[in-house]
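Spelled out, the chains give:
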Amino acid sequence: MTGTKGAPDMKRLKTAIDAVVEEIAKTDARGTPSQAVPALAGADTGQFGIAVHTCEGETVSGAAADTPFTIQSISKVFSLTLALEAHGDDVWTRVGREPSGDPFNSIVDLERHEGIPRNPFINAGALVVIDMLLGKNAGKASHDSVRAFLEARIGADAIGIDDDVANEEQSSGFVNRALANLAKSFDNLDNEVETVMKAYVEQCALTLSCEGLARAGAYLMSDRADQHSDSVAEARRARRINALMLTCGQYDGSGEFAYRVGLPAKSGVGGGILAIVPNEAAIAVWSPGLDDNGNSLLGTRALELLAEKMDWSVFGSIERR
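Residues numbered from 1 in each chain as written. Predicted model: local features only at pLDDT ≥ 70, side-chain atom pairs only at ≥ 80, totals over all residues. Heavy atoms only, no water.

## Observations concerning the overall build of the chain
The helix and strand tally for the chain stands at 13 helices and eight strands. Computed over the C-alpha atoms, the radius of gyration of the chain is 18 Å, within 12% of the 20 Å expected from 2.2 N^0.38 for a compact globule of 321 residues. In terms of overall dimensions, the chain has C-alpha extents of about 55 × 50 × 35 Å along its principal axes. Burial statistics for the chain: of 321 residues in total, 55% are counted as buried. (Helix = DSSP H or I, 4+ residues; strand = E, 2+ residues; numbered from the N terminus. Rg over C-alpha atoms; globule rule 2.2 N^0.38 Å. Buried < 20%, exposed > 50% of the residue type's maximum accessible area, 1.4 Å probe, protein only.)

## Quick word on the sheet that holds strand 3 (residues 69–70)
One open sheet holds the three strands; their spatial order is 3-5-4, and the pairing between them is antiparallel. Pairing within the sheet leaves two strands with one partner each, and these edge strands are strand 3 and strand 4 (160–161). In this sheet, strand 5 (residues 206–208) lies alongside strand 4 in antiparallel orientation, the contact comprising two bridges. Paired with Gly160 across the two strands is Thr207, which belongs to strand 5. (Pairing = 2+ DSSP bridges.)

## What to know about helix 1 (residues 10–25)
Here helix 1 is 16 residues long and its end C-alpha atoms lie 23 Å apart, about the 22 Å a rise of 1.5 Å per residue gives. For helix 1, the full list of buried residues reads Leu13, Ala16, Ile17, Val20 and Ile24. Axial view of helix 1: buried residues confined to an arc of 100°, hence all on one face. Along helix 1, exposed side chains directed more than 90 degrees from the buried face belong to Lys11, Thr15, Glu22 and Ala25. Looking at the buried positions of helix 1, the neighbouring elements they touch are strand 1 (49–54), strand 2 (59–63) and helix 13 (297–310). The opening residue of helix 1 is Asp9, an N-cap whose side-chain oxygen sits 3.3 Å from the backbone nitrogen of Lys11. (Expected span 1.5 Å × (residues − 1). Arc of directions from axis to C-beta. Contact = heavy atoms within 4.5 Å. Polar contact = N/O pair within 3.5 Å; in protein donor to acceptor, adjacent residues only side chain to side chain.)

## Here's the deal with the environment of Glu85
Here Glu85 is to be found in helix 3 (residues 75–87). Accessibility expressed as a relative area gives 41% for Glu85, which makes it partly exposed. Separated by 223 residues in sequence, Glu85 and Glu308 have C-alpha atoms that sit 34 Å apart. Dropping the residues within four chain positions of it, Glu85 is found in contact with Phe149 and Arg237.

## As for the packing of helix 1 against helix 13
In helix packing, the relevant descriptors are the interaxial angle and the interaxial distance, both defined with respect to the helix axes. At a closest axis distance of 9 Å, the pairing of helix 1 and helix 13 adopts a crossing angle of 145°. Helix 13 is crossed by helix 1, and the crossing has right-handed handedness. Across the interface between the two elements, Arg12, Leu13, Ala16, Ile17, Ala19, Val20, Glu23 and Ile24 of helix 1 pack against Leu298, Arg301, Ala302, Leu305, Leu306, Lys309 and Met310 of helix 13. Of the residues in the contact of helix 1 with helix 13, the class split is 11 nonpolar, no polar and four charged. (Axes fitted to C-alpha atoms, helices over the stretch in contact; angles between N-to-C directions. Left-handed = near helix turned anticlockwise from the far one by under 90°. Nonpolar A, V, L, I, M, F, W, Y, C, P; charged D, E, K, R; others polar.)

## So, the pairing of strand 2
Examined bridge by bridge, strand 1 and strand 2 share five bridges and lie antiparallel to one another. Opposite Ile50, over in strand 2, you have Gly62 as the bridge partner. Hairpin connection between strand 1 and strand 2: a loop of four residues separates the two successive antiparallel strands, and Gly57 in this loop has a positive phi of roughly 90°.

## Some words on the nonpolar core
Counting residues in each nonpolar core, the largest one holds 61 residues, and the members touching the most others are Phe78, Leu80, Leu150, Leu208, Leu213 and Leu220. It is helix 5 (residues 123–136) that contributes the most residues to this core, nine residues altogether. Contact partners of Leu150, with chain neighbours within four places excluded, come to Phe78, Gly155, Ile159, Leu206, Leu208 and Ala216. Judged by nonpolar contacts, the second largest core, of 27 residues, contains Ala16, Ala281, Ile283 and Leu305. (Core = buried A, V, L, I, M, F, W, Y, C linked by side-chain atoms within 4.5 Å.)

## Digging into the packing of aromatic side chains
Here the structure, examined in full by the defined rule, presents four aromatic pairs. Ring centres of Phe69 and Trp286 lie 5.4 Å apart, and the angle between their planes is 5°; this geometry places the pair in the stacked category. One end of the pair, Phe69, is in strand 3; the other, Trp286, is in strand 8 (residues 281–286), with 217 residues separating them in the sequence. When its relative accessible area of 5% is taken as the criterion, Phe69 is described as buried. Aromatic pair Phe78 and Tyr219: ring centres 6.4 Å apart, planes at 40°, arrangement tilted. Of this pair, Phe78 sits in helix 3 while Tyr219 sits in the loop between helix 10 (210–216) and helix 11 (229–248); the two residues are 141 residues apart in sequence, bridging distant segments of the chain. On the basis of relative accessible area, Phe78 is assigned to the buried category, the value being 0%. Through successive ring pairs, a cluster of aromatic residues spans Phe78, Phe149 and Tyr219. Looking at Arg153, its charged tip hangs above the ring of Phe149, at a distance of 3.7 Å from the centre. (Phe/Tyr/Trp six-rings, centres within 6.5 Å; stacked < 30°, edge-to-face > 60°. Lys NZ or Arg CZ within 6 Å of the ring centre and 35° of its normal.)

Everything listed here is a matter of coordinates, which is why it stays silent on function.
Structure representation (structure tokens):
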């Protein structure tokens, strides 16, 4: 894959990002903001940001790359990382690893599989992962764990929380409560539903900019270990998380995204997408207008353009290296 190549050419990367920003600015189709949360529903769909953090620690960005937004379901990548660190492969006794083929909040799918969510990136799967973290931390809210995880990587000043979004999602999350209750009825939720719900919505309401998100996701770009024993486990974990991001990270649009972009990625209904170029870069894009699958319309298009211009794909390189 192209990820074995190493750091990208910075001049080429800056030129590519500038071209992407210019083309996105001319795009008429911008999608629709998430209607599930009133605080998100009125967002300006013309907003767009992009940032790339390379394996050598440099960040190149464009447009509104410093504007914070709620990371929503992108937070599931970080909570899954924490769960795998704490529980290892025992995570997969309670959560599957397959694309769902159903909406991300499907109750039917959870019932069909007797309380075992199809993967950790649909809502039911994220709730079960958080339940595992709550157990590990003896009642400490999982969003605190995720926040601490992020702060260790990018600093506390880069992270916030949108209390309005958290409060709205807490008061209106009826389907998520139903999912949590159904999982509990199958003995796949140990903590109280409201405890899990509070942690879930506060985790989703954490805010980052594109620059912060790209830096936060940088640990996922390394899928090869160095001489240290700890890095073997870290590299293996990153590889497995990337696999799930590629197959499940864009919900029902994951196959289309893999075809168009060819990179592991995870989206959120706040309009953000975190994408990974193994061993080269972590990319964050943001635009609040969503497509029919709940993924950022302009963000997906920007990643498609950038991947083409940089010849980035886990499926191989077109250019002669």
